[in-house]
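# Analysis of the macromolecular model
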Amino acid sequence: MTKNSIKYALLIWLAYNLAVGAFFGFIFISAFGIRDGIKPTYLAVAIMNGIGLIALFIWFYFYSRKTAEAVRIFKERGICDDYINALGKHYGKLSNLQRISLANAYLYLNRLDECEQVMNRLPGEALLRGPVKMYYYKTYICLYLNMGRYRQACDIFDAARDQLDKYFAGEGAGGAAYFDDAALCLAIRRDFSGADGYRQLAQEAVGADPSKAYLPMMIMAELFILDGNLQEAERVEQSARAMIFSASGYKHSWGRDSSLYSFEHGVRLAHKMRNELFGG
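Residues numbered from 1 in each chain as written. Predicted model: local features only at pLDDT ≥ 70, side-chain atom pairs only at ≥ 80, totals over all residues. Heavy atoms only, no water.

## Digging into the overall build of the chain
Counted only if it meets this: By the criteria applied, helices consist of DSSP H or I runs no shorter than four residues and strands consist of E runs no shorter than two, each listed in order from the N terminus. Note on exposure labels: buried denotes an accessible area under 20% of the residue type's maximum, exposed denotes more than 50%, and partly exposed covers the range between, all computed with a 1.4 Å probe on protein chains only. Residue contacts are counted whenever heavy atoms from the two residues lie within 4.5 Å of one another. Per-residue and other accessible areas follow the Shrake-Rupley method at a 1.4 Å probe size, with only the shown protein chains counted as cover for residues. For this count, His and the chain ends are skipped, Lys and Arg are scored as positive, and Asp and Glu as negative. The location of each charge is read from NZ of Lys, CZ of Arg, CG of Asp or CD of Glu.
Helix and strand content of the chain: twelve helices and zero strands. The principal-axis extent of the C-alpha atoms belonging to the chain is close to 80 × 40 × 35 Å. Burial analysis of the chain (280 residues in total) assigns 40% to the buried set. Taking the intrachain contacts of the chain between residues at least 6 apart in sequence as the baseline, contacts between residues at least 24 apart amount to 61%. Accessible area of the chain: about 15300 Å², with a carbon and sulfur share of 60%. Side-chain charges of the chain comprise 32 positive and 28 negative groups, with the mean position of each set lying 8 Å from the other.

This is the structure in structure tokens:
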């Protein structure tokens, strides 16, 4: 679990208990007074916590059934067309966060138009909250960088930067992908010092996950490419590839291939950005 997931779980649990406590406290204290009403209030809160856990397990069971086929395919083969098709079959029943996951699957496979279609069908940012809103921003930034719509990517980054920095600092290794996008947004403006700051954040984020240790080196290679230092970029690329092949801790058999695929895509994107923005 990440710091964010723990934080949101605790906040939800606290809000639930406050609401239940206030409701039953009002009933019992009004009926029996403070002295005699406290004990039944505590008992009612304990019972409702038990009921809440049962309801949570039931909800999780039906929630996971919607994506069971997609999860099975993902564990076997990773993100692929069949995985996307399995998710898409239940599109109407997916949560907003699951729909963003679907959009990111399209993005991973470089099916950019389909990714944008999914994102554009989501409610507007004013209707989104918490993790959903953060991943909504992050996905649009990454999408627009890949589509060459750099001004739009940077506009979203500028508007949400403080929120995104704070949120993804609590996402562990999962935050490194955002730090990559943020570094690219700053490198576009030739702010390589600021971009390298995000590389350092990515380094800290992946510290406990050897399978993602290549990400900070990917960011370094991207920054060298955008700065025109292709010799250093090639040196870092070779080191990153060697790191991917020697890394351990992959949860799935296809994990190494996925890391290499993501790395090569990041390098290609950096070359594309340099050609389009700085003329090669």
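So much for the structure itself; the text now carries on.
## Points about unusual backbone geometry
One non-glycine residue, Asn110, lies in positive phi territory at about 65°. Summarising the element assignment, Asn110 is placed in the loop between α4 (96-108) and α5 (112-120). When its relative accessible area of 43% is taken as the criterion, Asn110 is described as partly exposed. Phi at Arg190 is positive, roughly 70°, even though this residue is not glycine. With respect to the secondary-structure elements, Arg190 resides in the loop between α8 (176-188) and α9 (192-205).

## Notes on the packing of aromatic side chains
Rules: Pairing of aromatic rings covers Phe, Tyr and Trp, the last through its six-membered ring, and needs centres within 6.5 Å; plane angles under 30 degrees mean stacked, over 60 mean edge-to-face, and all others mean tilted.
Applying the stated criterion to the full structure yields 14 aromatic pairs. Between Phe74 and Tyr83 the ring centres are 5.7 Å apart and the planes differ by 50°, which places this aromatic pair in the tilted class. Accessibility expressed as a relative area gives 29% for Phe74, which makes it partly exposed. Here the aromatic rings of Tyr178 and Tyr198 are separated by 6.2 Å at their centres, their planes lie at 85°, and the arrangement is edge-to-face. Of this pair, Tyr178 sits in helix α8 while Tyr198 sits in helix α9, and the two are 20 residues apart along the sequence. In terms of burial, Tyr178 and Tyr198 fall into one category: buried. Taken together, the ring pairs connect Tyr135, Phe157, Tyr167, Phe168, Tyr178, Phe179 and Tyr198 into an aromatic cluster.

## Some details on helix α12 (residues 255-278)
Inclusion rule: In this analysis, the expected span of each helix is defined as 1.5 Å times one less than the number of residues it contains.
For α12, spanning 24 residues, the distance from its first C-alpha to its last is 34 Å, which sits close to the expected 34 Å at 1.5 Å a residue. Three or more residues of α12 are buried, namely Gly255, Ser258, Ser259, Phe263, Gly266, Val267, Leu269, Ala270, Met273 and Arg274. Buried positions along α12 lie against α4, α6 (130-147), α7 (150-168), α8, α10 (214-226) and α11 (230-246). Just beyond α12, the residue with positive phi is Gly279, at close to 75°.

## Here's the deal with the environment of Ile79
Here Ile79 is to be found in the loop between α2 (68-77) and α3 (81-88). Residues Ile79 and Ala105 lie 26 residues apart in sequence; the distance between their C-alpha atoms is 6.3 Å. Once residues lying within four places of it in the same chain are set aside, the contact partners of Ile79 are Phe74, Ala105, Tyr108 and Leu109.

## Re the packing of α10 against α11
Defined as follows: Where helices are involved, their axes are fitted lines through C-alpha atoms of the stretch in contact, as for all axes, and angles between N-to-C directions lie from 0 to 180°. Here the angle decides the label: under 35 degrees means roughly parallel, over 145 means roughly antiparallel, 65 to 115 means roughly perpendicular, and every other value means oblique. Rotating anticlockwise by less than a right angle from the far helix to the near helix defines a left-handed crossing, while the corresponding clockwise rotation defines a right-handed one.
Two elements in contact, α10 and α11, have axes whose closest approach is 8 Å; the angle formed by their N-to-C orientations is 165°. Judged by the angle between their axes, α10 and α11 are roughly antiparallel. Between α10 and α11 lies a crossing whose hand is left-handed. From α10, Tyr214, Met217, Met220, Ala221, Phe224 and Ile225 reach across to α11, where they touch Leu230, Glu232, Ala233, Val236, Glu237, Ser239, Ala240, Met243 and Ile244.

## Considerations on the packing of α3 against α4
One way to put it is that α3 packs onto α4 with a least axis distance of 10 Å and a crossing angle of 155°. On the basis of their axis angle, the class for α3 and α4 is roughly antiparallel. Where α3 crosses over α4, the two elements pack in a sense that is left-handed. Residues Tyr83, Ile84 and Leu87 of α3 form the contact with α4, whose own contacting residues are Leu102, Ala105 and Tyr106.

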